[in-house]
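# Observations on the three-dimensional arrangement
Chain by chain, the residues:
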Amino acid sequence: MPSEVVVVGQVARDLVVEVPDAPDAGASAEVQQRQEVLGGKGGNQAVALSQLGTSVSLVGVVGEDLVGDALRARARADRIGTTHVVRRRGAETALIVDVVDEHGRRRYLEHIPAATLVTETDVFAAAAPISAACSLIVQLQQPAPAVLLAARLAHTAGTRVVLDGAPEDPELLALADVVRADLLAGQPVADIETAADAAADLRRRGPSLVVLEVSGRGNLFAGPDGTWFVPNVATEVVDTTGAGDALVATLTAALTRRRPFETAARLAVAAAAATTEHAGGRPRLTRPDLNRLQPEHLEEVHA
């Protein structure tokens, strides 16, 4: 059976280290806890979709090494399709290190070899599952030609195209159904009015739904039936890593299952909040947490 959602994106070994205080140069710190898990934006989003009960396949690349083999096995244990997770000959699997201290500060280190990025050949090999899916999530951190090909294949087949990031390419934007971004032109969105104007401009160029993060405040959702701002949910934030991945995945799952727009927005914001309550980007989405963290209301914005 085809997967409901296909995710095209990064697969990495995610090493999460919790310390009382991150040490200065030349100093050391005792590690309180550590996790070594399937990560990367593609991995995180696929895990979230699976936790939500949505069937999902992952298109990504690992190295020809034991770490890559372990990550593919972990993905299968998470009920993620791995047929199109490529084992790249001669490559070293990507590594992400997330150092989190007790004050909520984090330091983020990445080793993402070029060989672990998705190519057009990788995407073309996954044309059948992409075309058969209800929704496709593509992250703009992957090479532009591969992203564009994935969007073309999905759009031609009638698969919903969800872009994680705001593209500058007019053709890619025209192929998108949903765009979610936390930055525009590399900069945070400062206020609701700026977000509303930017979302309206993006919608005129293609996508029917645009979701923009308003820095430090929440997310603006602009769709065919109106524009709403959803404030961040008050919770104890440990680490913001992976919050955006959880939001994108949960929004996609809700839209794929034809949930009402307001429900989709509430669930997406709740999933992001739940992911900030623990260290690391791997989501831990449960129904009780999603119910507990759903925002009470959506504020209508008149753009």
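Cut-offs used in this document
Residues numbered from 1 in each chain as written. Predicted model: local features only at pLDDT ≥ 70, side-chain atom pairs only at ≥ 80, totals over all residues. Heavy atoms only, no water. Helix = DSSP H or I, 4+ residues; strand = E, 2+ residues; numbered from the N terminus. Rg over C-alpha atoms; globule rule 2.2 N^0.38 Å. Buried < 20%, exposed > 50% of the residue type's maximum accessible area, 1.4 Å probe, protein only. Contact = heavy atoms within 4.5 Å. Areas by Shrake-Rupley, 256 points an atom, 1.4 Å probe, with all protein chains shown as cover. Axes fitted to C-alpha atoms, helices over the stretch in contact; angles between N-to-C directions. Parallel < 35°, antiparallel > 145°, perpendicular 65-115°, else oblique. Left-handed = near helix turned anticlockwise from the far one by under 90°. Core = buried A, V, L, I, M, F, W, Y, C linked by side-chain atoms within 4.5 Å. Phe/Tyr/Trp six-rings, centres within 6.5 Å; stacked < 30°, edge-to-face > 60°. Lys NZ or Arg CZ within 6 Å of the ring centre and 35° of its normal. Pairing = 2+ DSSP bridges.

The next point concerns the overall build of the protein chain. In terms of regular secondary structure, the protein chain is built from 10 helices and 15 strands. Taking 2.2 N^0.38 as the reference for a compact globule, 303 residues should give roughly 19 Å; the C-alpha atoms of the protein chain span a radius of gyration of 18 Å, in line with that estimate. Here the C-alpha coordinates of the protein chain stretch approximately 50 × 45 × 35 Å along the principal axes. The buried share of the protein chain, taken over its 303 residues, is 53%. For the protein chain, contacts bridging at least 24 residues in sequence account for 67% of all contacts bridging at least 6. For the protein chain, the accessible surface area stands at approximately 13,500 Å², while carbon and sulfur atoms represent 50% of it.

Further remarks concern the packing of helix 8 (residues 243-256) against helix 9 (residues 261-275). The interhelical angle for the contact between helix 8 and helix 9, taken along N-to-C directions, is 150°, at an axis separation of 8 Å. Between helix 8 and helix 9, the angle is such that the two are roughly antiparallel. The interaxial crossing formed by helix 8 with helix 9 has right-handed handedness. Facing helix 8, whose interface residues are Ala243, Ala246, Leu247, Thr250, Leu251, Ala254 and Leu255, helix 9 presents Ala264, Leu267, Ala268, Ala271, Ala272 and Thr275.

We now examine the nonpolar core. Counting residues in each nonpolar core, the largest one holds 47 residues, and the members touching the most others are Leu49, Ile80 and Leu251. Per-element accounting of this core gives the leading share, 10 residues, to helix 9. Dropping the residues within four chain positions of it, Leu251 is found in contact with Val178, Leu209, Val211, Phe221, Ala264 and Ala268. In terms of nonpolar packing, the next biggest core, distinct from the first, is built from 42 residues, Val59, Val61, Leu153 and Leu220 among them.

Following the sequence through the fold, Phe229 ends up in strand 14 (residues 226-231). Looking at Phe229, the relative accessible area reads 3%, which means it is buried. As for Phe229 and Glu299, which are separated by 70 residues in sequence, their C-alpha atoms are 5.0 Å apart.

It is worth spelling out the environment of Arg284 at this point. Here Arg284 shows up in the loop between helix 9 and helix 10 (287-293). Between the alpha carbons of Arg284 and Ala48 there is a distance of 7.4 Å; along the sequence they are 236 residues apart. Leaving out residues up to four positions away in the same chain, Arg284 has contacts with Gln35, Gln51, His278, Ala279 and Asp289.

What follows is about the packing of aromatic side chains. Taken as a whole, this structure holds 2 aromatic pairs when the rule is applied. Seen from their ring centres, Phe221 and Phe261 are 6.1 Å apart, and the 80° between their planes marks the pair as edge-to-face. Taken together, the residues span a long stretch of sequence, with Phe221 in strand 13 (residues 218-223) and Phe261 in helix 9 at a distance of 40 residues. Here Phe221 falls in the buried class, since its relative accessible area comes to 0%. Relative accessible area serves as the criterion here: at 25%, Phe261 is assigned to the partly exposed category. On the basis of an interplanar angle of 45° and a centroid distance of 5.3 Å, the ring pair of Trp228 and Phe261 is categorised as tilted. Of this pair, Trp228 sits in strand 14 while Phe261 sits in helix 9; the two residues are 33 residues apart in sequence, bridging distant segments of the chain. Each member of the aromatic cluster is reached from another via a ring pair, and the members are Phe221, Trp228 and Phe261. A cation sits over an aromatic face here: Arg106 above Tyr108, 5.1 Å from the ring centre.

Let us now look at unusual backbone geometry. Of note, Ala185 is a non-glycine position whose phi angle comes to about 50°, a positive value. Tracing the sequence through the fold places Ala185 in the loop between strand 11 (178-181) and helix 7 (192-204).

Another aspect to go through is the packing of helix 1 (residues 40-51) against helix 8. Contact geometry of helix 1 with helix 8 gives a least axis separation of 8 Å together with a crossing angle of 45°. On the basis of their axis angle, the class for helix 1 and helix 8 is oblique. Considering how the two elements wind past one another, helix 1 and helix 8 form a crossing that is right-handed. Of the residues in helix 8, those in contact with Lys41, Asn44, Gln45, Ala48 and Leu49 of helix 1 are Asp245, Val248, Ala249 and Ala253.

As a further point, take the side chain of Glu4. With respect to the helices and strands, Glu4 occurs in the segment before strand 1 (5-8). The contacts of Glu4, once residues within four sequence positions are left out, are Gly53, Thr54, Ser55, Ala133, Cys134, Ser135, Thr256 and Arg257.

Let us look at the pairing of strand 9 (residues 135-139). The two faces of a sheet get side chains in turn, since along a regular strand they alternate between them. Taken across its 5 residues, strand 9 has 5 buried, putting it largely inside the fold. Burial along strand 9 is two-sided: Ser135, Ile137 and Gln139 facing one way and Leu136 and Val138 facing the other are all buried. Two elements, strand 1 and strand 9, share 4 bridges in a ladder whose sense is parallel. Along strand 9, the bridge assignment pairs Val8 with Val138.

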